[in-house]
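# Working through the structure, step by step
Given next are the chains, with one letter for each unit.
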Amino acid sequence: LSLERLQAAGTGPLYVKLRRTLEEAVRAGTLGHGDALPPERDIAELAAVSRVTVRKAIDELVADGLLVRRHGSGTFVAKPVSKVEQRLSQLTSFTEDMARRGMSSRSEWLHKGIHTPSPDEMMILGLAAGLKVSRLSRLRIADDQPLAIENASVSGEFLPDPSAVTNSLYAELERLNVRPVRAVQRISATNMKEADAQLLGVSVGAAGLSIERISYLGSGRAVEFTRSLYRGDAYDFVAELTIGV
Ligand code: 16G
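Presented here is an overview of the structure given in this document. Residue numbers here run from 1 along each chain, matching the order of that chain's written sequence. Only residues with pLDDT of 70 or above have their local features reported here, since the model is predicted, and side-chain atom pairs are shown and tallied only from 80 upward, although totals for entire chains, interfaces and linings are computed over all residues. Only hydrogens and water are removed before side-chain values are computed, so all heavy atoms of the structure are retained for them.

Before going further, it helps to examine the pattern of salt bridges. Note that side chains of opposite charge can pair when their charged atoms are close. Counted as salt bridges are all cases of a side-chain nitrogen of Lys or Arg within 4 Å of a carboxyl oxygen of Asp or Glu. Counted according to the given criterion, the structure contains 16 salt bridges. Here Glu 40 and Arg 55 are joined by a salt bridge, their closest N and O atoms 3.1 Å apart. Taken together, the residues span a long stretch of sequence, with Glu 40 in helix H3 (residues 40–47) and Arg 55 in helix H4 (residues 51–64) at a distance of 15 residues. Only protein chains enter the calculation, and the probe is 1.4 Å; a residue is then buried if its accessible area is under 20% of its type maximum, exposed if over 50%, and partly exposed in between. Residue classification places Glu 40 among the buried residues on the basis of a relative accessible area of 14%. On the basis of relative accessible area, Arg 55 is assigned to the partly exposed category, the value being 42%. Residues Glu 121 and Arg 135 are paired through a salt bridge, measuring 2.9 Å at the closest nitrogen-oxygen approach. We count a stretch as a helix when DSSP gives it H or I for four or more residues in a row; a strand needs E for two or more, and each element gets its number in order from the N terminus.

As a further point, take the nonpolar core. In these notes, a set of buried Ala, Val, Leu, Ile, Met, Phe, Trp, Tyr and Cys residues joined through side-chain atoms within 4.5 Å is what counts as a nonpolar core. By size, the foremost hydrophobic cluster in this structure holds 20 residues, and its most contacted members are Leu 18, Leu 31, Leu 37, Val 54, Ile 58 and Leu 67. Of all the secondary structure elements, the ones that give two or more residues to this core are helix H2 (14–28), H3 and H4. Of all the elements, H2 adds the most residues to this core, at six residues. Listed in part, the 13 residues of the second largest apolar core include Val 84, Leu 209, Tyr 235 and Phe 237.

Attention now goes to the environment of Arg 20. Here Arg 20 lies in helix H2. Measuring from C-alpha to C-alpha, the distance between Arg 20 and Gly 72 comes to 26 Å, with 52 residues separating the pair along the chain.

Quick look at the packing of H2 against H4 now. Only C-alpha atoms enter the line fits that serve as axes; for helices the fit covers just the stretch in contact. Angles between N-to-C directions range over 0 to 180 degrees. Their axes nearest at 8 Å, the elements H2 and H4 cross at an angle of 55 degrees. On the basis of the axis angle, H2 is oblique to H4. The way H2 lies across H4 gives a crossing that is right-handed. For the pair H2 and H4, the contacting residues are Leu 14, Tyr 15, Leu 18, Arg 19, Leu 22 and Glu 23 in the first and Thr 53, Val 54, Lys 56, Ala 57, Ile 58, Glu 60 and Leu 61 in the second. Any residue that is not Ala, Val, Leu, Ile, Met, Phe, Trp, Tyr, Cys, Pro, Asp, Glu, Lys or Arg is counted as polar, Gly included; the first ten are nonpolar and the last four charged. Here the contact of H2 with H4 is built from residues that sort into eight nonpolar, one polar and four charged. To sort the angles, those under 35 degrees are grouped as roughly parallel, those over 145 as roughly antiparallel, those from 65 to 115 as roughly perpendicular, and the leftovers as oblique. Crossings are assigned a handedness: left-handed for a near helix turned anticlockwise from the far helix by less than a right angle, right-handed for a clockwise turn. By definition in these notes, contact holds between two residues if any of their heavy atoms fall within 4.5 Å.

Locating Phe 76 in the fold gives a position in strand E2 (residues 74–77). According to the relative accessible area criterion, Phe 76 is buried, its value standing at 15%. Taking the C-alpha atoms as reference, Phe 76 lies 9.1 Å from Pro 38; in sequence the two are 38 residues apart. Every residue in contact with Phe 76, bar those within four places of it in the chain, is listed here: Gly 34, Asp 35, Ala 36, Leu 37, Leu 66, Leu 67, Val 68 and Arg 70.

On to H3, then. Inspection of H3 places Glu 40, Ile 43, Ala 44 and Ala 47 among the buried residues, and these make up the whole buried set. End-on, the buried residues of H3 take up no more than an arc of 100 degrees, which puts them together on one face. Two residues or fewer past H3, Ala 48 is found with a positive phi of approximately 55 degrees. Note that the arc is computed from the directions linking the helix axis to the C-beta atoms.

If you want it as structure tokens, here you go:
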């Protein structure tokens, strides 16, 4: 980043030239993926431009997804994410999905506990009065890339001890003979709020997919009610369609 670089960056307003210079630095590897950008004040001084110009150039690169702004820690070069393509017709677990792709998966636990159910959980899981619910919240990571935040609620009748789930929830449900065989999933668009963006390593306001899954046993009883937030830049959900009559 220097005055000379900026002058060599073609024509147009200063912030556009600065944006091009920063893009070029990432392309050339001078700024590596995950690297922190120098403070705006330093960039302004190096390139001999105003802080308003720096802010504008950075804002555009954040909107493009090349840079990520994290509150309290600065601006970073985004890590490119490899997209996951997931079929919408199969009831699989995250662990299985990733293993099938040859990727390693792990969870960073945010919460595991037994609770008195909320009215939503009570209704959706069809809980009898007095029954508890096991809640499991975690950040799901594949090949060191955070992909989703999942908040699962499972009827206490089927999963009395959430601490028994160390990695795969479905593997534990299978062991307990209550692995779901059918699920209904709802996907909607959302923008990331600060706390979630921080966990997923994306900018506040980045595109996300909010996914709700309710899964059932063969008997029709609901086992799991999971609300997840997936990175919009990391997932393609693919459904096969057949002609309807
Ligand atoms: C998937 C499911 C989630 C389920 C989890 C179990 C979606 C949107 N969600 O991530 O509902 O709880 O798999 O994964 O697909 P696990 O067995 O690896 O813990």
